[in-house]
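Fold and geometry: a report
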Amino acid sequence: MDCLPKEPMEGRSVGASGLNLVAHPRAKSKVWRYFGFDTDADGCILHWKRIYCRVCLSQIAYSGNTSNLSYHLEKNHPIEFSEFVKSNTDQMREAFATAFSRIKPEPSGLHPPQSQDTTLRQSSGYENRRHNDLTLAVINFICEGMYPVSVVEEPTFKTLLRTADPRYMPPSKSDLAAKMLPQMYCHAREAVLAELAGVGNCGVTTDLWQSQTQNRTYISLSMHSVNHNVTTGFSVTSKCLKTFEVHEDNTAENITRAMYETFVEWGITHKVSGATTNGSLDIVKACLLLELSVQMPCLGHAINRGMEEAFELPRIESFLGCCRKLVDHFRETGMAVYMLREKQKQHGLSQCALIRDRSRSWLATLAMLQRLKEQQLAITATLMENANNHHLSFDGADWGMVEGLSEVLQPFKTVVNLITSCRYPTISMVRPVLHMLLNTTLKTKEGDVKEISMVKEVIARVLSSTYSQTQEISMFLNIATFLDPRYKKLPFLSSLEQSQVENNVIEEAKAILEKQNAERPCLDDFSLVSDEPPSKKQTPLTEHPGSSTTQDNPLAAIFCQSDTDQIQEEVHAQVIEELSNYKSQRILGLNEDPLLWWSSHLALFPTLLKVLQKYWCVPATSVPCHRLFSSSGTVLCGKRNRIAPALVDQQVFLYENLRSYYEPEPGEDDLEDGMWDGNCALGQPLE
């Protein structure tokens, strides 16, 4: 047992367990600030091979070096480890300064020698900038990738950062969760608040989703608006405002309360024109309780729901099951794969594997059916050569069913591609799209087999019932369509219905003008006070000597109008003039951008543009189309599952608002006409 001289108080610590810890007597490393040997009352070290952590009082084996001590700090005490690294860096700087001071600078007549402090400041400044850049990159990585904050503790992530800069220490999980993410959220929130301050009308959407790993249900509430900028013209703004958990008890009431609190928090209570929902009964009820003017069904969910019901028809479900067995046979059986490839060569067909619809989405099913139809000759020839494939044989009726289903589904895929590719509001497209689908694609023909007719009827019933729930929904869609210069003729409506739409637009525009006129006197008074010379303001208007007051004329009650009536007539005339001018403009091409057209005609239709902003701010779908019809929606669900419940609102807010609304998530491999690669196709079905 060795005894040591008495140490100052900072070198000795007494733990709750009664340990009297002292550092190594010849210690040079700063790590000894956090470790020590146990001593007796006289300060004698009891055991040289046993070291205790001053933070957690754990016993650690000591073999003469401090590597295991540093590792213990890094693994168990990230805050203390960060302090230790910083102190080591400071110690290295001091050593560098000492060594630098011993070097005599070489004389130079061109540049005066830099002082020691200047060099240190430059070195320190560079390291600080480098450290801040890396920390910001880590935060952006977590926010934009929606990673859990615990990723900074993953060994592989630490290795990656050490490769980038061995001296860099990433922020701890606790610092990210308690400080850095909230700070970034506050900055982003202020930016969104500033943007919403200038919004006159907005629509809201509700994205209902579940975290499978946490067994929790959430709703993400977003707002959408059509804004005008002097330099860029009209553009669509979409911002995620809040993500809140939905509990099972009193679900509709909870959603109503959460939505109302969000409206108040973001200052949009009186700006919401309507809401687009996925049709959930609780969300629809919440919108009714909030007295939103319109509850717009989501076009994407309506299409998906129609397809699901059609595919659940017994005969269709059985037939699709046979198609999947056929596909699995030609993907998993080695001999079948080889024979199919040879038949493809003989018939001059593309050498592609058949496609599975593993996700069971209708787009994946369409891809499977189209690939079967494309490879019909090769498949039929292969099945005929092998007598053991009689249970997989496809006759003419089966191939007719493949073709019939493909013809029904293909126009829906065209609609999806059309809507997904748009960078402008799609609410004006809903009525034309529905009319086209219901009157052409889903109209039964004489040559349709019974199963195809049933599929058309089911999908048509779902779409029709979804958008004919209330008169408000129909009129809202008609007005939104009329304000699109591509579809303003409304050929799918009767003359009476067209007149009703125009009358509603006139009333909307008159209400906007009357509101502006009611607010104008205050502005006019201010303008008179600030701009006009005092002489003009003080000079009263004098009547003509020969004139008399109209009050004394007995015909005044018949021929003289009140100021209110005169203003209303002027407003009506202005609206009618704008509307007539709008109708006389050329019809825009179907592939042209309607927002760009409105931006260039701003001066001609100042009132109609206000009506446009009210109706076009309500989206056609409750979530971005790429999430409804592609695998990126599944990828997003996987990302959401990783977030801790306490950080869901902040991380979803940052993820959605730091990226473009139209930017799809990096999804799984999309369907491609890939060449054979072993027994697998390069393309994977969309989910």
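Scanning the protein from N- to C-terminus turns up 25 helices and 14 strands. Once local pairs closer than 6 in sequence are excluded, the contacts in the protein between residues at least 24 apart make up 66%. Of the roughly 37000 Å² of accessible surface on the protein, a fraction of 53% belongs to carbon and sulfur atoms.

Turning our attention to the environment of A191. In this structure, A191 sits in helix α5 (residues 173-196). Using a relative accessible area of 46% as the deciding quantity, one classes A191 as partly exposed. Expressed as a C-alpha distance, the spacing of A191 and N657, which sit 466 residues apart in the sequence, is 10.0 Å.

The next subject is the packing of helix α9 (residues 314-332) against helix α13 (residues 396-421). The N-to-C vectors of α9 and α13 enclose an angle of 105°; their axes lie 12 Å apart at closest approach. On the basis of their axis angle, the class for α9 and α13 is roughly perpendicular. Where α9 approaches α13, its residues I316, F319 and L320 are matched on the opposing element by D398, M401, V402 and L405. Here the contact of α9 with α13 is composed, by residue class, of six nonpolar, no polar and one charged.

Bringing unusual backbone geometry into the picture now. For E291, which is not a glycine, the phi torsion comes out positive at approximately 60°. One can find E291 in the loop between α7 (281-289) and β12 (295-297). Phi at L490 takes a positive value of approximately 50°, unusual for a residue other than glycine. Relative to the elements of secondary structure, L490 occurs in the loop between α16 (471-482) and α17 (495-531).

Looking at the protein, the pLDDT average stands at 81 and 78% of residues meet or exceed 70. Across residues 4-12, where pLDDT falls below 50, the model places 21 contacts with residues more than four positions away in sequence or in other chains. This stretch, residues 668-687, has a pLDDT under 50; its non-local contacts, to residues over four places away or in other chains, come to 59 contacts.

Taken as a whole and judged by the stated rule, the model has 23 salt bridges. Between R324 and D357 there is a salt bridge, with the nearest N and O atoms lying 2.9 Å from each other. Highlighted residues: R324 in helix α9 and D357 in the loop between α10 (334-346) and α11 (362-374), separated in sequence by 33 residues. This pair shows no difference in class: R324 is buried, exactly as D357 is. When salt bridges that share partners are traced, they join R130, D165 and R167 into one network.

Strands sit in the order β10-β9-β8-β11-β12 across an open sheet of five strands; the sheet is mixed. Every other strand in the sheet has two partners, leaving β10 (233-245) and β12 as the edge strands with one partner each. Within the sheet, the average angular offset between the axes of one strand and its neighbour, ignoring direction, is 25°. The sheet contact formed by strand β8 (residues 202-211) and strand β11 (residues 272-277) spans four bridges and is parallel. Pairing of C202 across the sheet is with V272, part of β11. Those strands touched by helix α22 (residues 606-616) are β9 (216-229), β10 and β11, and its axis lies near 165° from that of β9.

Turning to the nonpolar core, a few remarks are in order. Counting residues in hydrophobic clusters, the biggest one holds 94 residues, and the most contacted among them are W598 and W616. Sorting elements by how many residues they give to this core places α13 first, with ten residues. Contact partners of W616, with chain neighbours within four places excluded, come to V226, P425, I427, S428, A480, L483, D484, P594, L595 and W598. Core analysis: the next-biggest nonpolar cluster, separate from the first, contains 51 residues, L181, W209, L647 and V648 among them.

Another point: α13. Taking 1.5 Å per residue, 26 residues should reach 38 Å; α13 reaches 37 Å between its end C-alpha atoms and fits that length. A maximum bend of about 25° is found in α13 at L409, where proline P411 lies one to four positions downstream. Among all positions of α13, only W399, M401, V402, G404, L405, S406, V408, L409, F412, V415, V416 and I419 are buried.

Here the focus is the side chain of D484. Relative to the assigned elements, D484 resides in the loop between α16 and α17. Setting aside residues no more than four positions away along its own chain, D484 makes contact with S428, Y582, P594 and W616.

The next subject is the pairing of β8. Burial analysis of β8 places eight of its ten residues in the buried class, the great majority of the element. With nine bridges connecting them, β8 and β9 associate as antiparallel partners. By the bridge assignment for β9, S211 is matched with R216. Between the antiparallel neighbours β8 and β9 lie four residues, among them N215 with a positive phi of about 55°.

Tracing the chain through its elements places W362 in helix α11. Between the alpha carbons of W362 and I303 there is a distance of 9.6 Å; along the sequence they are 59 residues apart. Within polar-contact distance, the side chain of W362 engages the side chain of N304 at 2.8 Å.

Helix α15 (residues 450-467) packs onto helix α14 (residues 430-441) with a crossing angle of 150° between their chain directions and a minimal axis gap of 10 Å. It follows from the interaxial angle that α14 and α15 lie roughly antiparallel. Once α14 is placed against α15, the crossing between them reads as left-handed. Where α14 abuts α15, its residues V430, L434, L437, L438 and T441 lie against K456, A460, L463, S464 and Y467. Of the residues contributing to the contact of α14 with α15, the split by class is seven nonpolar, two polar and one charged.

What follows is about the packing of aromatic side chains. Taken as a whole and assessed by the stated rule, the structure comprises 17 aromatic pairs. Measuring from ring centre to ring centre gives 6.0 Å for W597 and F605, while their planes differ by 20°; the resulting arrangement is stacked. For the pair shown, W597 and F605 are each scored as buried. Through a chain of ring-to-ring contacts, the aromatic side chains of F482, Y582, W597, W598 and F605 assemble into a single cluster.

The next thing to look at is the state of the cysteines. On inspection of all chains with the given rule, the structure shows zero disulfides. With no disulfide of its own, C323 lies closest to C322 among cysteine sulfurs, the gap being 7.0 Å. Its relative accessible area of 0% is what places C323 among the buried residues.

Another point: the environment of N641. In this structure, N641 sits in helix α24 (residues 632-641). Of the residues examined, N641 reaches a relative accessible area of 18% and is grouped as buried. The spatial distance from the C-alpha of N641 to the C-alpha of R216 is 9.6 Å, given a sequence separation of 425 residues. If we skip the residues at most four places from it in the chain, N641 touches Q210, S211, Q212, T213 and Q214.

A few words now on helix α8 (residues 299-311). Helix length check: α8, at 13 residues, gives a terminal C-alpha distance of 19 Å against a target of 18 Å (1.5 Å per residue), a fit within 8%. All buried positions along α8 are accounted for by L299, G300, A302, I303, N304, G306, M307, A310 and F311.

Cut-offs used in this document
Residues numbered from 1 in each chain as written. Predicted model: local features only at pLDDT ≥ 70, side-chain atom pairs only at ≥ 80, totals over all residues. Heavy atoms only, no water. Helix = DSSP H or I, 4+ residues; strand = E, 2+ residues; numbered from the N terminus. Contact = heavy atoms within 4.5 Å. Areas by Shrake-Rupley, 256 points an atom, 1.4 Å probe, with all protein chains shown as cover. Buried < 20%, exposed > 50% of the residue type's maximum accessible area, 1.4 Å probe, protein only. Axes fitted to C-alpha atoms, helices over the stretch in contact; angles between N-to-C directions. Parallel < 35°, antiparallel > 145°, perpendicular 65-115°, else oblique. Nonpolar A, V, L, I, M, F, W, Y, C, P; charged D, E, K, R; others polar. pLDDT = per-residue confidence, 0-100. Salt bridge = Lys/Arg side-chain N within 4 Å of Asp/Glu carboxyl O. Pairing = 2+ DSSP bridges. Core = buried A, V, L, I, M, F, W, Y, C linked by side-chain atoms within 4.5 Å. Expected span 1.5 Å × (residues − 1). Bend = angle between axes of the 7 residues up to and from the residue. Polar contact = N/O pair within 3.5 Å; in protein donor to acceptor, adjacent residues only side chain to side chain. Left-handed = near helix turned anticlockwise from the far one by under 90°. Phe/Tyr/Trp six-rings, centres within 6.5 Å; stacked < 30°, edge-to-face > 60°. Disulfide = S-S within 2.5 Å.

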